[in-house]
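Each chain is listed here by its residues.
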Amino acid sequence: MQNYATLLPAGGHWSVELRRGTQITLRNLDGGGNAAMLFYNPRNLLERYNAPDTLKCQHTFKLTQGHCLYSDMGRIFASVISDDSGWHDTVCGNSHAAQVADRWGARNYQSDRNDWHQNGYDAFLTELAKYGLGGADMAANINWFSKVVTNVDGDMSLAEHGSAAGSSVRLRLEMDALVLIHACPHPLQQAEQYPRHRIGIELGLSEPMIDDDICLNHCDENRRGFTNNALYYLGS
């Protein structure tokens, strides 16, 4: 059930505190978009999304349906309950100001208004500052709708046509979470012009998890993660 929807313009950033049981749907409205995401525990901001644990405990490099997104305390922030893009990057991080300026030219909001060239790192910094956090608190982020491939020498590049227009990924929040999102270019993006792809965000209530849930049963580690969540919320 959808209760709220908003549009993240190219280079835009947004944050919101959500309760467990919330469902987040991200939509790649124009195709070629990138939706970077981070999670923090609003009751303890030292607990945040942990990319290495998320990947190693599920034996994957590619996030997709059935995977869980772990905190650095062994708990599960969210589950990927549906995905029609195939898989998503969680190792390449953010674009930076110097990188964006070198690739597409330096522009700022004061001079160029909505035609400026925002970068992912500064976009996250802006949102982090709202909660008393800074650069030291930035974790490795997820890049939804971006696929990263390697050649025979191990060099990484952004796959062309990684996610089609209208594709979506849906998450179920398993913990209360502070969620940060930006729509800035992926750091491996090589487009001739600064990419201007919008990301749709929809919030609603998720269906309760059932015994044969794909995320719960994906692997033994996920079952332990959900047990850790149950302990954390015991008596609440």
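Here goes a summary of the coordinates provided. Quick caveat: nothing in here was measured; it's all calculated off a predicted structure.

## Describing the nonpolar core
One broad trend across soluble globular proteins is that nonpolar side chains are buried collectively.
Okay, so step 1: With 32 residues, the main nonpolar core has Ile 24, Leu 26, Phe 39, Leu 69, Trp 144 and Leu 171 as its most contacted residues.
Okay, so step 2: When sequence neighbours within four positions are dropped, the list of residues in contact with Phe 39 reads Arg 48, Tyr 49, Leu 69, Phe 77, Ala 78, Ile 142, Leu 171, Leu 173, Ala 177, Leu 178 and Val 179.
Okay, so step 3: With 10 residues, the next largest nonpolar core counts Ala 36, Leu 133, Ala 139 and Leu 178 among its residues.

## Side note on the pairing of strand S12 (residues 177-182)
Okay, so step 1: Across the 6 residues that make up S12, a large majority, 6, are buried.
Okay, so step 2: Residues of S12 alternate between two faces, with Ala 177, Val 179 and Ile 181 on one and Leu 178, Leu 180 and His 182 on the opposite face, all of them buried.
Okay, so step 3: Pairing of strand S2 (residues 13-18) with S12 involves 6 bridges; the strand directions are antiparallel. Along S12, the bridge assignment pairs Ser 15 with Leu 180.

## Here's the deal with the packing of aromatic side chains
The description of an aromatic ring pair uses the distance of the two centres, along with the angle that the planes make with each other.
Okay, so step 1: One pass over the full model with this rule turns up 6 aromatic pairs.
Okay, so step 2: Ring centres of Tyr 4 and Trp 14 lie 6.5 Å apart, and the angle between their planes is 5°; this geometry places the pair in the stacked category. Here the residue Tyr 4 occupies a position in strand S1 (residues 2-8), and Trp 14 occupies one in strand S2, the gap between them amounting to 10 residues.
Okay, so step 3: Taken together, a centroid distance of 6.1 Å and an interplanar angle of 75° make the contact between Tyr 109 and Trp 116 edge-to-face.
Okay, so step 4: Since its relative accessible area comes to 25%, Trp 116 is described here as partly exposed.
Okay, so step 5: Lying across the ring of Tyr 232, Arg 75 places its NZ or CZ 4.1 Å from the centre.
Okay, so step 6: The positively charged end of Arg 103 is found above the aromatic ring belonging to Trp 104, 5.6 Å away from the centroid.

## A closer look at the side chain of Asp 176
Okay, so step 1: On the secondary structure map, Asp 176 appears in the loop between strand S11 (167-173) and S12.
Okay, so step 2: Although Asp 176 lies buried, it forms no salt bridge, and the closest oppositely charged side chain, Arg 43, sits 4.1 Å away as judged by the N-O distance.
Okay, so step 3: In this structure the side chain of Asp 176 is engaged in a polar contact, spanning 3.0 Å, whose partner is the backbone nitrogen of Arg 20.
Okay, so step 4: Aside from chain neighbours lying at most four places away, what touches Asp 176 is Leu 18, Arg 19, Arg 20, Tyr 40, Asn 41, Pro 42, Arg 43, Phe 77 and Tyr 233.

## Things to note about a nonpolar patch on the surface
Okay, so step 1: Together, Phe 61, Val 91 and Met 156 make up an exposed nonpolar region whose accessible area comes to about 240 Å².
Okay, so step 2: Within the fold, Val 91 resides in the loop between strand S7 (76-83) and helix H2 (97-104).

## Observations concerning the side chain of Ser 146
Okay, so step 1: Mapped onto the elements, Ser 146 comes out in the loop between strand S8 (142-144) and strand S9 (148-150).
Okay, so step 2: According to the relative accessible area criterion, Ser 146 is buried, its value standing at 3%.

## Focus on the environment of Lys 56
Okay, so step 1: As for its position among the elements, Lys 56 is in helix H1 (residues 51-56).
Okay, so step 2: Its relative accessible area of 57% is what places Lys 56 among the exposed residues.
Okay, so step 3: Along the primary structure Lys 56 and Ala 35 are separated by 21 residues, whereas in three dimensions their C-alpha atoms are 22 Å apart.
Okay, so step 4: Here Asp 53 takes part through its side chain, which lies 3.3 Å from a polar atom of the side chain of Lys 56.

## Focus on unusual backbone geometry
Okay, so step 1: The backbone of His 59 shows a phi angle near 50°, a positive value even though the residue is not glycine.
Okay, so step 2: Inspection of the secondary structure puts His 59 in the loop between H1 and strand S6 (68-70).

## Details of the environment of Gly 93
Okay, so step 1: With respect to the helices and strands, Gly 93 occurs in the loop between S7 and H2.
Okay, so step 2: By relative accessible area, Gly 93 is classed as buried at 15%.
Okay, so step 3: Distance from Gly 93 to Tyr 121, taken between C-alpha atoms, is 8.6 Å for residues 28 residues apart in sequence.
Okay, so step 4: Every residue in contact with Gly 93, bar those within four places of it in the chain, is listed here: Asn 141, Asn 143 and Pro 187.

Cut-off values and rules
Throughout this description, residue numbers start from 1 for each chain and increase along the sequence as written. In view of the model being predicted, local features appear only for residues whose pLDDT reaches at least 70, and side-chain atom pairs are presented and counted only at 80 or more, with totals across whole chains, interfaces and linings using the full set of residues. Hydrogens are left out, water is left out, and the side-chain values use all remaining heavy atoms of the structure. The nonpolar core is taken to be a set of buried Ala, Val, Leu, Ile, Met, Phe, Trp, Tyr and Cys residues, with the residues joined through side-chain atoms within 4.5 Å. Per-residue accessibility, obtained with a 1.4 Å probe over protein chains only, is compared with the maximum for each type, and a residue is labelled buried under 20%, exposed over 50%, and partly exposed between these values. We call two residues contacting when some pair of their heavy atoms lies within 4.5 Å. Secondary structure is summarised from DSSP: a helix means a run of H or I of at least four residues, a strand means a run of E of at least two, and numbering begins at the N terminus for each. For two strands to count as paired, DSSP must find a minimum of two bridges between them. By convention, a stacked pair of Phe, Tyr or Trp rings (six-membered ring in the case of Trp) has centres within 6.5 Å and planes under 30 degrees apart, an edge-to-face pair has planes over 60 apart, and any other such pair is tilted. Working rule: Lys NZ or Arg CZ, within 6 Å of ring centre, within 35 degrees of ring normal, means a charge sits over the ring. Note on charges: Lys and Arg go in the positive column, Asp and Glu in the negative column, and His and the chain ends are not counted at all. One side-chain nitrogen of Lys or Arg within 4 Å of one carboxyl oxygen of Asp or Glu is enough to make a salt bridge. Whenever a nitrogen or oxygen atom comes within 3.5 Å of another N or O atom, the pair is scored as a polar contact, on the condition that within protein one atom can donate a hydrogen and the other can accept it, and that pairs from neighbouring residues in sequence are kept only if both atoms are in side chains. Within the patch definition used here, like charges are joined within 9 Å and nonpolar side chains (Val, Leu, Ile, Met, Phe, Trp, Tyr) within 5 Å, considering only residues with over 30% relative accessible area and no salt bridge. Note on areas: Shrake-Rupley, 1.4 Å probe, and residue coverage restricted to the protein chains presented here.

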